[in-house]
Amino acid sequence: MRNMNEMMLKKRSTKYLPEDLVVEILSRVPLTSLARLRWACKGWNDLIKDKILAKKPSQIIMLIDSRVYLASVNIHKINNNKVNLTSQFSLKDPLSHNFSEEVDIQNVFHCDGLLLCTTKDDRLVVWNPLSRETRWIQPRNTNKEFEYFALGKSSSNKYKILRIVHTGKTHPGLLEFEIYDFTSNSWKVISESRDWLKPLWKSCVMSVNGNIYWLASREGDGIFLQSFDFSTERFRRVSLPGDHHYYNIFSLAVTREKQQLCLLTQDRQVPARNVWIATKIESKGAASWIKFLSFDLPNFHHPFHFCSPMNFLIDRENKVLVCPGRKNGVSNNFLNILGENKFIQVDHQDGKSVCSLLVNYVPTFVQIHQGSLK
């Protein structure tokens, strides 16, 4: 009888661990393993969704040599100026034998923890790397001069894909816009335009609270900031900070914590580079901006330059900008970390590797169903 009581007490104490202790244990589990653990019981599922994911340090997705990697860059603990990758997200090809081969990824667009990937053989897939769910999508027509895809969602949390297609070799060429609806599994044309001289949105389309933003240009008007609202399925022009005729615009980014749009500029009169953050964007396009970071490249005494468009991230806590180097000839290094009094050049274990994209990653358990995203 005594032994039976001891066994019951032991079982009870194991089953009912204090919540703080469970959170501490689960917070040490690698991100890629949490998806399996959340099915252990409802209590763990709630803890992982509400507390564990929020406690995870800032994660970055890197597209390196057609593969997606998860990484964290701690500027205070960079060992020998090398970046260490946490893990690789493996996207298996359903057309390969027994899903044995990985897909070669051309580009990645991030929205709420979901990745919209275009492949090198012109396929399109929505992918949740945390749950490993995928949804392969057939574009209506891929015989175009140039196209770009972006994932967003409406105010009712209904996900959609915007396809931007540029046809013709003249300037301005014809821009066509199509929407993919997950529920109906179909595309529809929503608009077309010949107003824009040169589309600059490749590699710098950003998702902020479900809507997307990119840089475009028009004859006689220079570069401007364009957006698309997935709720109304309408385009709108967003105001830039100050007088945009006094600076050059390089690219866009998004903060991780509050999902705020960032803008990288260079003054035309002085060599200062500035990072702006949009603290508010109203429904009609009026935006409020604050200057987050300012630095002068000549003070670094290192070979470095900006190009447009250029992919970058910002670290609000340490007030630095992080951008890939070798891909666009920005520098000869894998990554570059810049701040007001800081310049760190970071290499990768493989000296020949190229990081073509940096994306802030916010993990999610949004489920990809056959007819919709939930």
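Scoring rules and cut-offs
- Here the residue index of a chain counts from 1 through its sequence in written order.
- Note on the predicted model: pLDDT of at least 70 is required for a residue's local features to be given, and 80 or more for side-chain atom pairs to be given and counted; whole-chain, interface and lining totals, by contrast, use all residues.
- Where side-chain values are given, they derive from all heavy atoms of the structure, hydrogens and water being excluded.
- The secondary structure listing takes helices from DSSP runs of H or I that are at least 4 residues long and strands from runs of E that are at least 2 residues long, numbered from the N terminus.
- Partly exposed describes any residue whose relative accessible area lies between the buried limit of under 20% and the exposed limit of over 50%, with all areas from a 1.4 Å probe on protein chains only and scaled to the type maximum.
- In this analysis, two residues are considered to be in contact whenever any of their non-hydrogen atoms come within 4.5 Å of each other.
- Residue exposure ignores everything except the shown protein chains as possible cover, and the areas themselves are Shrake-Rupley values with a 1.4 Å probe.
- The term polar contact refers here to a pair of N or O atoms within 3.5 Å; inside protein, the definition further demands a hydrogen-donor-capable atom paired with an acceptor-capable atom, and it admits residues adjacent in sequence only when both atoms are side-chain atoms.
- Strands qualify as paired when DSSP identifies two bridges or more between them.
- To get an axis, a line is fitted to the C-alpha atoms, and for a helix only the part in contact is used. The angle between two axes follows their N-to-C directions and goes from 0 to 180 degrees.
- You can read pLDDT as the predictor saying how much it trusts each residue, on a scale of 0 to 100.
- In this description, the arc belongs to the directions extending from the helix axis to the C-beta atoms.
- We call a set of buried residues a nonpolar core when its members are Ala, Val, Leu, Ile, Met, Phe, Trp, Tyr or Cys and they connect through side-chain atoms within 4.5 Å of each other.
- Aromatic rings from Phe, Tyr and Trp, with only the six-membered ring used for Trp, were paired whenever their centres fell within 6.5 Å, and each pair was classed as stacked if the ring planes differed by under 30 degrees, edge-to-face if by over 60, and tilted otherwise.

- As recorded in an unreviewed UniProt entry, the chain goes by F-box domain and comes from Arabidopsis suecica.

**Details of the overall build of the chain**
Thinking step 1. Looking only at helices and strands, the chain has four helices and 26 strands in total.
Thinking step 2. Looking at the chain as a whole, 50% of its 374 residues are labelled buried.
Thinking step 3. Long-range pairs, those at least 24 residues apart, make up 48% of the contacts in the chain with a sequence separation of at least 6.
Thinking step 4. Accessible area of the chain: about 19100 Å², with a carbon and sulfur share of 48%.

**Focus: the side chain of Q226**
Thinking step 1. For Q226, the location among the structural elements is in strand β16 (residues 222-229).
Thinking step 2. Of the residues examined, Q226 reaches a relative accessible area of 8% and is grouped as buried.
Thinking step 3. Looking at Q226, its side chain comes within polar contact range of the main-chain nitrogen of R237, at 3.4 Å.

**Digging into unusual backbone geometry**
Thinking step 1. Although it is not a glycine, S66 sits at a positive phi angle of roughly 70°.
Thinking step 2. Note that S66 resides in the loop between β1 (59-64) and β2 (67-71).
Thinking step 3. You will see that Q259, though not glycine, has its phi angle at about 50°, which is positive.

**Considerations on the sheet that holds β1**
Thinking step 1. Ordered by their spatial adjacency, four strands build an open sheet running β4-β2-β1-β26, and the pairing between neighbours is antiparallel. Edge positions in the sheet fall to β4 (85-89) and β26 (355-361), since each of these pairs with one other strand and no more. Taken over all neighbouring pairs, the strand axes of this sheet differ in orientation by 30° on average, direction set aside.
Thinking step 2. For β2 and β4, the ladder comprises four bridges, and the chain directions are antiparallel. By the bridge assignment for β4, A71 is matched with L85.

**Let's talk about the sheet that holds strand β7 (residues 124-128)**
Thinking step 1. Strand order in the open sheet made by the four strands is β5-β6-β7-β8, with antiparallel pairing throughout. In this open sheet, the two edge strands, each paired with only one partner strand, are β5 (105-111) and β8 (133-137). Averaged over all pairs of adjacent strands, the angle between their axes in this sheet comes to 20°, without regard to strand direction.
Thinking step 2. Judged from the four bridges that link them, strand β6 (residues 114-119) and β7 form a sheet pairing that is antiparallel. Within the sheet, the bridge partner assigned to T118 lies in β7 and is L124.

**So, the confidence of the model for the chain**
Thinking step 1. Across the chain, pLDDT averages 79, with 76% of residues at or above 70.
Thinking step 2. Below a pLDDT of 50 lies the segment residues 4-14, which in the model reaches zero contacts outside its immediate sequence neighbourhood of four places, other chains included.

**Some details on helix α2 (residues 19-26)**
Thinking step 1. All buried positions along α2 are accounted for by V22, V23 and L26. When α2 is viewed along its axis, its buried side chains cluster within an angular range of 100° and face the same direction.

**Remarks on the side chain of D112**
Thinking step 1. Relative to the assigned elements, D112 resides in the loop between β5 and β6.
Thinking step 2. For D112, a relative accessible area of 18% gives the class buried.
Thinking step 3. Side-chain polar atoms of D112 contact the side chain of K153, separated by 2.9 Å.
Thinking step 4. Ignoring sequence-local partners within four residues, the contact set of D112 consists of K153, Y159, Q259, V362 and T364.

**Focus on the nonpolar core**
Thinking step 1. Ranked by size, the top nonpolar core spans 30 residues in total, and within it F109, L151, I161, L162 and I212 carry the most contacts.
Thinking step 2. If you list the elements that add at least two residues to this core, you get β5, β6, β7, β9 (146-153), β10 (159-167), β11 (174-181), β15 (211-218) and β16.
Thinking step 3. Leaving out residues up to four positions away in the same chain, F109 has contacts with L114, L115, L116, Y148, F149, A150, L151, V205, M206, S207 and I212.
Thinking step 4. Core analysis: the next-biggest nonpolar cluster, separate from the first, contains 28 residues, A35, I105, C117 and L130 among them.

**Details of the packing of aromatic side chains**
Thinking step 1. Across all of its chains, the model carries nine aromatic pairs by this definition.
Thinking step 2. Ring geometry for F89 and W127: centres 6.4 Å apart, planes at 80°, overall edge-to-face. You can see F89 sitting in strand β4 and its partner W127 sitting in strand β7, a full 38 residues away along the chain.
Thinking step 3. F89 sits in the buried class, given a relative accessible area of 3%.
Thinking step 4. Of the residues examined, W127 reaches a relative accessible area of 2% and is grouped as buried.

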